[in-house]
Amino acid sequence: MMQQIYPSVEHPYTFELNKDFNFSAAHYIPAPEAGKCMRTHGHTYFVNLTIGGDALDDTGFLINFSHLKALIHDQFDHYLLNDLPMFEGKSPSTEVVAQTIYDIVADHLKDLPHAPKCLQVFLRETPSSYVVYRPKRTKEHM
Ligand SMILES: [Zn+2]
């Protein structure tokens with residue numbers, strides 16, 4: 001769903017950046033309650049990342065758009081998500097995948113001197129289903 005307007009997140013930052021990309025991956029939900037989703041099947045996942053911050057780097061970027069995509073796309077695209085180390089022992093539901101994307105992005109951003117923050121991960125799994133993951137508003141996230 002490129003060019004769609006995503007749910008907006010309230011924040012105190014002067015800059016907000018949004019990056020869209022997609023990846024294709026297979027998964028299965030290892031639980032009988034998941035019904036036919038127990039069988040291995042594939043999705044084209046659409047991701048929107050929202051990053052906020054008050055300061056820019058020396059290039060004038062809050063975060064380089066292509067770095068953001070590479071962080072996730074290179075690790076997830078054309079894999080069976082259940083096989084990836086970050087989903088070991090977990091069910092790669094849309095919710096868990098969104099949270100995992102957040103964790104990877106936040107872990108990358110925390111090392112940048114100008115301290116941008118990941119404010120929201122929007123993850124669309126099908127044309128009619130998506131999840132929004134937002135971190136709790138604690139001091140460390142602000
Ligand atoms: Zn699925």
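Bear in mind that the values here come from a model prediction, so they are computed numbers and not experimental data. (Residues numbered from 1 in each chain as written. Predicted model: local features only at pLDDT ≥ 70, side-chain atom pairs only at ≥ 80, totals over all residues. Heavy atoms only, no water.)

1. Section: the coordination of the zinc ion
For step 1, the next point in the chain: Around the zinc ion, the protein contributes the donor atoms H27 (NE2), H41 (NE2) and H43 (NE2), which lie 2.0 Å from the metal centre.
For step 2, the next point in the chain: Along the chain, the residues donating to the zinc ion are arranged with the sequence spacing H-x13-H-x1-H.
For step 3, the next point in the chain: By relative accessible area, which is 13% here, H43 ends up buried. (Donors = N, O, S within 2.8 Å, 3.2 Å for Na, K, Ca; no water. Buried < 20%, exposed > 50% of the residue type's maximum accessible area, 1.4 Å probe, protein only.)

2. Observations regarding the nonpolar core
For step 1, the next point in the chain: The biggest cluster of nonpolar side chains holds 29 residues, and the ones touching the most others in it are F23, I51, I72, F76, I101 and V105.
For step 2, the next point in the chain: Those elements giving two or more residues to this core turn out to be β1 (15-27), β2 (41-53), α1 (65-76), α2 (94-109) and β3 (117-126).
For step 3, the next point in the chain: The greatest single-element share of this core, amounting to 8 residues, is contributed by α2.
For step 4, the next point in the chain: Excluding residues within four positions of it along the chain, I101 makes contact with F23, V47, L49, I72, F76, V121 and L123. (Core = buried A, V, L, I, M, F, W, Y, C linked by side-chain atoms within 4.5 Å. Helix = DSSP H or I, 4+ residues; strand = E, 2+ residues; numbered from the N terminus. Contact = heavy atoms within 4.5 Å.)

3. With respect to the UniProt feature "binding site: Zn(2+)" (unreviewed entry) in the protein
For step 1, the next point in the chain: Within this numbering scheme, the UniProt entry marks H27, H41 and H43 as carrying the feature "binding site: Zn(2+)" (unreviewed entry). The largest pairwise C-alpha distance within this set of annotated residues, which runs over 17 residues, is 8.2 Å, so the set is compact in three dimensions.
For step 2, the next point in the chain: Along the chain, H27 falls in strand β1.
For step 3, the next point in the chain: Since its relative accessible area comes to 2%, H27 is described here as buried.
For step 4, the next point in the chain: Dropping the residues within four chain positions of it, H27 is found in contact with R39, T40, H41, H43, Y45, L80, L81, N82, P92 and E125.
For step 5, the next point in the chain: Apart from the residues lying within four places of it in its own chain, the contact partners of H43 are F23, S24, A25, H27, E125 and T126. (UniProt positions renumbered as here; feature names shortened; annotations may be inferred.)

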